[in-house]
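Residue strings, one per chain:
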Amino acid sequence: MGGVEGVSAFPDGDNLFRWAATITGPSTSVYQGLSYKLILKFPQGYPYIPPVVTFESPCFHPNVDENGNICLDILKVLFLFLFLFLFLFLFFFFFFSFLVFFSSFSFTKKKKIK
């Protein structure tokens, strides 16, 4: 199974709603040679509610606070936007499929041939 080099994630024990992840810093960045441990918590409402990601390892980055929380609201907005887009796409797909399917039927009375 393929994946992203330097990134791994697995369920944390038997709980499928809590995952442990590891990210290795790219060789072309200031994070080269560093490895970060993260915890991903998937809420009961997933995929309608985004997961909560926190850094277990200290990470010095402007978008990560001292508790390991990611402070980037655009991630939540982007997640909701993508979910809404997918919902609307599926709605219109099934709506037009429904119209095409039923347009092939004739609901007028047919004359009996004697």
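Each chain has its residues counted from 1, following the order in which its sequence is written. Local features in this predicted model are restricted to residues whose pLDDT is 70 or higher, and side-chain atom pairs enter the listing and the counts only when it is 80 or higher, whereas totals over whole chains, interfaces and linings include all residues. Note: side-chain values were computed over all heavy atoms of the structure, leaving out hydrogens and water.

J.: Please explain the nonpolar core as it appears in this structure.
T.: Here, the term nonpolar core denotes a set of buried Ala, Val, Leu, Ile, Met, Phe, Trp, Tyr and Cys residues that are joined through side-chain atoms within 4.5 Å. The rule is simple: take the accessible area with a 1.4 Å probe, protein chains only, and divide by the maximum for that residue type; under 20% is buried, over 50% is exposed, in between is partly exposed. Grouped together as the largest cluster of nonpolar side chains are 8 residues: A21, Y36, L38, L40, F42, F55, C59 and V64. The biggest single contributor to this core is strand β3 (residues 35-41), with 3 residues. The secondary structure listing takes helices from DSSP runs of H or I that are at least 4 residues long and strands from runs of E that are at least 2 residues long, numbered from the N terminus.

J.: Please clarify how the pairing of strand β2 (residues 15-24) should be interpreted in this entry.
T.: Sheet faces and side chains relate simply in a regular strand, where the side chains alternate between the two faces. Should DSSP find at least two bridges between two strands, the strands are regarded as paired. Bridge count for strand β1 (residues 7-12) against β2 is 6 bridges, and the pairing is antiparallel. Within β2, the residue paired with A9 across the bridge is A21. The hairpin formed by β1 and β2 contains 2 residues between the paired strands, and G13 there has a positive phi angle of roughly 75 degrees. Direction of pairing for β2 relative to β3: antiparallel, over a ladder of 7 bridges. Bridged to A20 within β3 is I39.

J.: Help me understand the layout of surface pockets, please; the structure alone is not making it clear to me.
T.: Empty space among the atoms can be located by rolling a probe the size of a water molecule over them. Taken as a whole, the second largest pocket encloses approximately 200 Å³ of empty space. As for the second largest pocket, its lining consists of 14 residues, and the residues nearest its centre are Y31, F55, C59, H61 and V64. Tallied by class, residues from the lining of the second largest pocket come to 9 nonpolar, 5 polar and no charged. A cavity here means a set of points on a 1 Å grid, drawn over the protein atoms and nothing else, where a 1.4 Å probe fits but cannot get out; a pocket is an open set with protein on both sides within 12 Å along at least five of seven lines, and a residue lines either one if it has an atom within 4 Å of a point. Grid points are joined across faces, edges and corners, and a volume is the space filled by probe spheres set on the points. Only Asp, Glu, Lys and Arg are considered charged in this grouping, and only Ala, Val, Leu, Ile, Met, Phe, Trp, Tyr, Cys and Pro are considered nonpolar; every other residue, Gly among them, is considered polar.

J.: I keep staring at a nonpolar patch on the surface and nothing clicks. Help me out?
T.: Here a patch means residues that are over 30% exposed by relative accessible area and free of salt bridges, tied together within 9 Å if like-charged and within 5 Å if nonpolar (Val, Leu, Ile, Met, Phe, Trp, Tyr). Computed with a 1.4 Å probe, the accessible areas rest on the Shrake-Rupley method; for each residue, only the protein chains presented here act as cover. For this document, the term salt bridge refers to a Lys or Arg side-chain nitrogen within 4 Å of an Asp or Glu carboxyl oxygen. Among the surface-exposed residues, L84, F87, L88, F91, F92, F95, F96, F98 and L99 lie close enough to one another that they form a single nonpolar patch of about 880 Å² accessible area. Within the fold, F98 resides in helix α1 (residues 73-103). Take F98: its relative accessible area is 46%, and that puts it in the partly exposed class.

J.: Hey, could you run me through the side chain of S57 in this one?
T.: Positionally, S57 belongs in the loop between β4 (52-55) and α1. Residue class for S57 comes out buried when judged on its relative accessible area of 16%. A polar contact is formed between the side chain of S57 and the backbone nitrogen of K37, at a distance of 2.9 Å. Each residue touching S57, except ones within four places of it in the same chain, is listed here: S35, Y36 and K37. Definition of a polar contact: a pair of N or O atoms within 3.5 Å, with one able to donate and the other able to accept a hydrogen when the atoms are protein atoms, and with sequence-neighbouring residues admitted only if both atoms are side-chain atoms. In this description, contact between two residues means that some pair of their heavy atoms is separated by no more than 4.5 Å.

J.: For this particular structure, what's the right way to read the side chain of T54?
T.: Tracing the backbone through its elements, the reader meets T54 in strand β4. T54 gets classed as buried once you look at its relative accessible area, which sits at 13%.

Bear in mind that shape data such as this cannot, by itself, settle questions of function.
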